[in-house]
Amino acid sequence: MLRAPVSFAARGVRRATNAHGAGESGLSKLIELHAVNSAGDMMITIALASTIFFSVPTEAARGRVALYLAVTMAPFTLLAPVIGPLLDRLPHGRRAAMAGSMLTRAVLAVMMSGAVATGGLELYPAALGVLVASKAYGVVRSAVVPRLLPPQISLVKANSRVTLGGLVATGLAAPLGAGLHQVGPAWPLYGACAIFTLGTFWSLALPHKVDSAKGEARARLVSPDHRPHRPHLHARARIEARERRERQRRPGLRTVGRSVLHALQANSALRMLSGFLTFFLAFLLRVHPLGGLGPAFSLGMVAVAAGAGNALGTAMGALLRSRGPEKTIAAVLSVALATTIVTAVLYSAFFLVVVAAVAGISQALGKQSLDSLIQRDVPEEVRTSAFARSETLLQMSWVVGGAIGIVLPLNGVLGMSVAAGFLALGVATAVRGLLAAARRGSPHPRVA
């Protein structure tokens, strides 16, 4: 009796992932793999959250989460700048790298299962390993998408579909993980192990062209605005001299061009907001739940609002891709700032839900627009490397925002004021430059 609806749903999912040439190019397999990855990460998140956060009083939970950040996130911020360049040197082993990331997390999930009930210190090194493996997967995935891009759709739309696949899988895995946790605290980790084991084989089943490095180079990302001008050199000699200097120059994100630089600044502020709200509201709503509601229901409402906002923003990203990414980023950052200011002034349960939803929409739209700018302004031969490096910077911004959310006193007005403060800094440093870049236009426009 259940076979017909399950088969119908499976056929619907397959049609969606294979649409617009994604099945022929192999992008559909990456969408499905990313869904598996997101589901496994959600299982581990549920297991860690139940141990570090929900099973102890609020003050003890703050200490545990702070310890988690210190033992996992702090070393990760040191390792993150290395992960992208390291994997960027291994273009021929992308499938193996993704499979290795999945297998590593499968093994670490089993290792954590013994310590998750007690919350012992041995849990944290394994959690760090999971975090690093997850980041490595994200870096490689960013490099893989352009290799599987169908001619019918843009890179931005492809990234949007991959992200939506992950969001859907996360939404399905969350109740499953909660149900497994009712059986025992280690069971979500057993589920994660099974999911990541499946992901290991699916990674190796990606098309062989994923491992192709044709046309790629390390991201030196030098903008024309930063290149020295030597009028006495012949044009060809000047180009060759510049290329020699660029080969010797250490790659980085500082010279990618004004549009991408300001977009990174704006997205860093939005990612800080995401990390801040994740931790600050988690603790705040335990002590001061939304009016008339319990702590668990309050947290659930805010989480649903943030998730729905993220999904909506991701869907909107594909529709707005031709409207000017600079203007989109400037708009969402300004709206996020205005919302946090209003929430700080008119603090209430309603505005907390609103600010969570706006943060989700803004982060998704901002990231999609940043992808569009990298596609448009960064040369194709170094674009995949640029994606990896931008992801590292945004992850570090999330960590900084989360740390602020942990140490801040549990006062809603104060928290929203602090959030408005770092968003205002992002507006001051990025919006004017983004709008100016939008007026100038791209020197080398590409279809986004």
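What follows concerns the overall build of the protein chain. Scanning the protein chain for helices and strands turns up 15 helices and 0 strands. Here the protein chain holds 448 residues, and the buried ones make up 52% of them. For the protein chain, the share of sequence-separated contacts (at least 6 apart) that also reach a separation of at least 24 residues comes to 86%. On the protein chain, roughly 20,100 Å² of surface is accessible, and the fraction owed to carbon and sulfur atoms is 66%.

Our next topic: the nonpolar core. Grouped together as the largest cluster of nonpolar side chains are 53 residues, with contacts concentrated most on Leu-273, Phe-276, Phe-280, Leu-281, Met-416 and Leu-423. Looking at this core, the elements with two or more residues in it are α10 (258-287), α11 (295-319), α12 (325-345), α13 (349-377), α14 (380-407) and α15 (412-440). Per-element tally for this core: the top contributor is α10, with 17 residues. Ile-44, Tyr-68, Met-102 and Val-116 belong to the second largest nonpolar core, which has 45 residues in total.

The predicted model of the protein chain has a mean per-residue pLDDT of 77, with 69% of residues at 70 or higher. The model gives residues 444-448 a pLDDT under 50, and that stretch makes 14 contacts with residues more than four places away or in other chains.

It is worth spelling out the packing of aromatic side chains at this point. Using the criterion set out here, one finds 5 aromatic pairs in the structure. Each ring, one from Phe-350 and one from Phe-351, has its centre 5.2 Å from the other, and the planes form 75°; the classification is edge-to-face. Using a relative accessible area of 58% as the deciding quantity, one classes Phe-350 as exposed. Exposure remark for Phe-351: the relative accessible area of 21% places this residue in the partly exposed category. Through pairs of rings, three or more aromatic residues link up here, namely Phe-276, Phe-280 and Phe-422.

Turning our eyes to something else, we now look at a nonpolar patch on the surface. Taken together, the side chains of Ile-341, Val-342, Val-345 and Leu-346 present a nonpolar region at the surface, about 350 Å² in accessible area. Relative to the elements of secondary structure, Val-345 occurs in helix α12.

Below, the discussion takes up the environment of Ala-143. Inspection of the secondary structure puts Ala-143 in helix α6 (residues 123-144). With 243 residues separating them along the chain, Ala-143 and Ala-386 place their C-alpha atoms 9.1 Å apart.

The next point concerns the side chain of Gln-363. Mapping Gln-363 onto the fold places it in helix α13. According to the relative accessible area criterion, Gln-363 is buried, its value standing at 17%.

Before going further, it helps to spend a moment on the environment of Val-140. Tracing the backbone shows Val-140 in helix α6. The class of Val-140 is buried, set by a relative accessible area of 6%. Separated by 42 residues in sequence, Val-140 and Met-98 have C-alpha atoms that sit 6.8 Å apart.

The next subject is α6. The end-to-end C-alpha separation of α6 is 32 Å, in line with the 32 Å expected for 22 residues at 1.5 Å each. For α6, a buried count of 18 out of 22 residues is recorded, marking the element as mostly surrounded by other parts of the structure.

What follows deals with the packing of helix α5 (residues 94-113) against α6. Direction vectors running N to C along α5 and α6 enclose 160°, while the axes themselves pass 9 Å from each other. Judged on the interaxial angle alone, α6 and α5 are roughly antiparallel. Seen along the crossing, α5 lies across α6 with a hand that is left-handed. The segment α5 lies against α6, with Arg-94, Ala-97, Met-98, Ser-101, Met-102, Thr-104, Arg-105, Leu-108 and Met-112 engaging Leu-123, Ala-126, Ala-127, Gly-129, Val-130, Ala-133, Ser-134, Tyr-137, Val-140, Arg-141, Ala-143 and Val-144. Partitioning the contact of α5 with α6 into residue classes produces 14 nonpolar, 4 polar and 3 charged.

Turning next to the packing of α12 against α15. Two quantities define a packed helix pair, namely the angle between the helix axes and the distance between the axes. Across the interface, α12 lies against α15 with an axial gap of 8 Å and an inter-helix angle of 160°. Here α12 lies roughly antiparallel to α15, going by the angle between them. Where α12 crosses over α15, the two elements pack in a sense that is left-handed. By residue class, the composition of the contact of α12 with α15 is 19 nonpolar, 5 polar and 2 charged.

What follows deals with the pattern of salt bridges. Throughout the structure, instances matching the rule amount to 1 salt bridge. A salt bridge links Asp-41 to Arg-105; the shortest N-O distance between them is 3.0 Å. Remark: Arg-105 occurs in helix α5 and Asp-41 occurs in helix α3 (residues 27-54); sequence separation between them is 64 residues. Owing to a relative accessible area of 19%, Asp-41 belongs among the buried residues under this scheme.

Rules used in this analysis
Residues numbered from 1 in each chain as written. Predicted model: local features only at pLDDT ≥ 70, side-chain atom pairs only at ≥ 80, totals over all residues. Heavy atoms only, no water. Helix = DSSP H or I, 4+ residues; strand = E, 2+ residues; numbered from the N terminus. Buried < 20%, exposed > 50% of the residue type's maximum accessible area, 1.4 Å probe, protein only. Contact = heavy atoms within 4.5 Å. Areas by Shrake-Rupley, 256 points an atom, 1.4 Å probe, with all protein chains shown as cover. Core = buried A, V, L, I, M, F, W, Y, C linked by side-chain atoms within 4.5 Å. pLDDT = per-residue confidence, 0-100. Phe/Tyr/Trp six-rings, centres within 6.5 Å; stacked < 30°, edge-to-face > 60°. Patch = residues over 30% accessible without salt bridge, like charges linked within 9 Å, V, L, I, M, F, W, Y side chains within 5 Å. Salt bridge = Lys/Arg side-chain N within 4 Å of Asp/Glu carboxyl O. Expected span 1.5 Å × (residues − 1). Axes fitted to C-alpha atoms, helices over the stretch in contact; angles between N-to-C directions. Parallel < 35°, antiparallel > 145°, perpendicular 65-115°, else oblique. Left-handed = near helix turned anticlockwise from the far one by under 90°. Nonpolar A, V, L, I, M, F, W, Y, C, P; charged D, E, K, R; others polar.

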